[in-house]
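# Structural characterization, general
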Amino acid sequence: MDPFACGLVAFRHAPVPLTGVCYGRLDVAAELAAEAAAAAIERGLADLCLRPRAIWSSPLSRCAAPAAALAARLGAPHAVDERLLEIAYGAWEGRAWSDIERDDPVAYAAWLRDWERLGPPGGESAIEVEARVRSFWRALGATSGTSGASDAGPHLLVAHAGVLRALRVVAGDASWIEAMSAPAPHLTAERFPLPGSALPLAGT
């Protein structure tokens, strides 16, 4: 059986109107309206001949709004999960990267040296993001075989870049360096297999 047939297909959200700003957990609206982003994702699914069984997102509007619009278009359930939030940058949220480097040089230099294990002040490391995304991925795997149907279709995720890259690590066996080096284009599909079994997913 194709491991991707009932796996996970992820689309990064549409671009946001910020440049050079650290905005991980900020609820920044995307440049593209939710319906337009949903239509773009729907076209991407059609190109892959896929129809999702369920649609997932973080609570942040740049992911949740197009996910809800897509769910309405496709008649699929939409669920929000906080494990799918973008990386938390703590005290650096909403600040320009140039200001962070100037005003907090010691913490910034330490983070650049060891970002996999060290988060910004009050924020998360890459490994901490990996842990919560792995929890979601394993739990999602527990639902993949519950219907007993091979044509149930994949789960769909409208994702943040940090979550998408964490999925490359947990589901694609990439290193964090590899996951960060590869581009994460907006509104473009990336497919992942699911594990065979795990803990049940909350709310399903």
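Structure first, text after, so check above.
First, a word on what this report is: a plain description of the structure on this page. A quick note: this is a predicted structure, and the numbers were derived from the prediction, not measured. Every chain is numbered on its own, with residues counted from 1 as its sequence reads. Confidence filtering applies because this is a predicted model: local features only for residues at pLDDT of at least 70, side-chain atom pairs given and counted only at 80 or more, and all residues used for totals across whole chains, interfaces and linings. Excluding hydrogens and water, the side-chain values take into account all heavy atoms of the structure.

### Notes on the overall build of the protein
Here is the rule we go by: Only DSSP runs of H or I reaching four residues or more are called helices, and only runs of E reaching two or more are called strands; each is numbered from the N terminus. The buried label goes to any residue with under 20% of its type's maximum accessible area, the exposed label to any with over 50%, and the partly exposed label to all in between, with areas taken from a 1.4 Å probe on protein chains only. The method behind every accessible area is Shrake-Rupley, applied with a 1.4 Å probe, and residues are considered shielded solely by the protein chains displayed.
Per the secondary structure count, the protein includes seven helices and five strands. Traced from its N-terminal end to its C-terminal end, the protein shows the element sequence β-α-β-α-β-α-α-α-β-α-α-β. The burial tally for the protein puts 48% of its 204 residues in the buried class. Accessible surface for the protein amounts to roughly 9,400 Å². Of this, 56% is attributable to carbon and sulfur atoms.

### Details of the sheet that holds strand β2 (residues 54–57)
What counts here: Pairs of strands are assigned from DSSP output, requiring at least two bridges between the strands. Throughout, an axis means a line fitted to C-alpha atoms (over the contacting stretch in the case of helices), and angles, computed between N-to-C directions, take values from 0 to 180 degrees. Contact between two residues is taken to exist if any of their heavy atoms lie within 4.5 Å; hydrogens are not considered.
Reading across from one edge, β3-β2-β4-β1-β5 is the order of the five strands in this open sheet, with mixed pairing throughout. Every other strand in the sheet has two partners, leaving β3 (78–80) and β5 (189–192) as the edge strands with one partner each. Neighbour to neighbour, the strand axes of the sheet diverge by 25° on average, direction disregarded. Seen against the sheet, helix α1 (residues 34–47) touches β1 (8–12) and β4 (155–159) and runs at an angle of roughly 140° to β1. Along the sheet, helix α2 (residues 61–74) contacts β2, β3 and β4; its crossing angle with β2, the most-contacted strand, is approximately 170°.

### Observations regarding the side chain of Arg 165
Definition in use: The positive count covers Lys and Arg only, the negative count covers Asp and Glu only, and His and the chain ends enter neither. Salt-bridge detection follows one rule: a side-chain nitrogen of Lys or Arg within 4 Å of a carboxyl oxygen of Asp or Glu. We define a polar contact as two N or O atoms separated by no more than 3.5 Å, with the added condition that, inside protein, one atom must be a possible hydrogen donor and the other a possible acceptor, whereas residues neighbouring each other in sequence contribute only through side-chain atom pairs.
Locating Arg 165 in the fold gives a position in helix α6 (residues 161–170). Salt bridges are absent for the buried Arg 165, whose nearest opposite-charge side chain, Glu 86, sits at 6.9 Å. Of the polar contacts made by the side chain of Arg 165, one reaches the backbone oxygen of Ala 182; its length is 3.4 Å.

### Here's the deal with the nonpolar core
We apply this condition: Put simply, buried Ala, Val, Leu, Ile, Met, Phe, Trp, Tyr and Cys residues joined by side-chain atoms within 4.5 Å make one nonpolar core.
Formed by 32 residues in total, the largest nonpolar core has its most connected members in Leu 8, Trp 56, Trp 92, Val 133, Leu 157, Leu 167 and Phe 192. Counting only elements with at least two residues in this core, the list comes to β1, β2, α4 (105–113), α5 (126–143), β4, α6 and α7 (176–181). Each residue touching Trp 92, except ones within four places of it in the same chain, is listed here: Cys 22, Trp 97, Ile 100, Asp 104, Ala 107, Tyr 108, Trp 111, Pro 120 and Pro 121. Of all hydrophobic cores here, the second largest spans 20 residues; its members include Phe 11, Ile 55, Ala 69 and Leu 70.

### Section: the packing of α5 against α6
For clarity, the cut-off: For classification purposes, angles smaller than 35 degrees are called roughly parallel, those larger than 145 roughly antiparallel, those between 65 and 115 roughly perpendicular, and all remaining angles oblique. Three classes are used: nonpolar for Ala, Val, Leu, Ile, Met, Phe, Trp, Tyr, Cys and Pro, charged for Asp, Glu, Lys and Arg, and polar for all others, with Gly counted as polar.
The geometry of α5 relative to α6 is characterised by a closest axis approach of 9 Å and an angle of 70° between their N-to-C directions. In terms of axis orientation, α5 runs roughly perpendicular to α6. Every residue of α6 that contacts α5 at Val 129, Glu 130, Arg 132, Val 133, Arg 134 and Trp 137 is listed here: Gly 162, Val 163, Ala 166, Leu 167, Val 169 and Val 170. Partitioned by chemical class, the residues of the contact of α5 with α6 number eight nonpolar, one polar and three charged.

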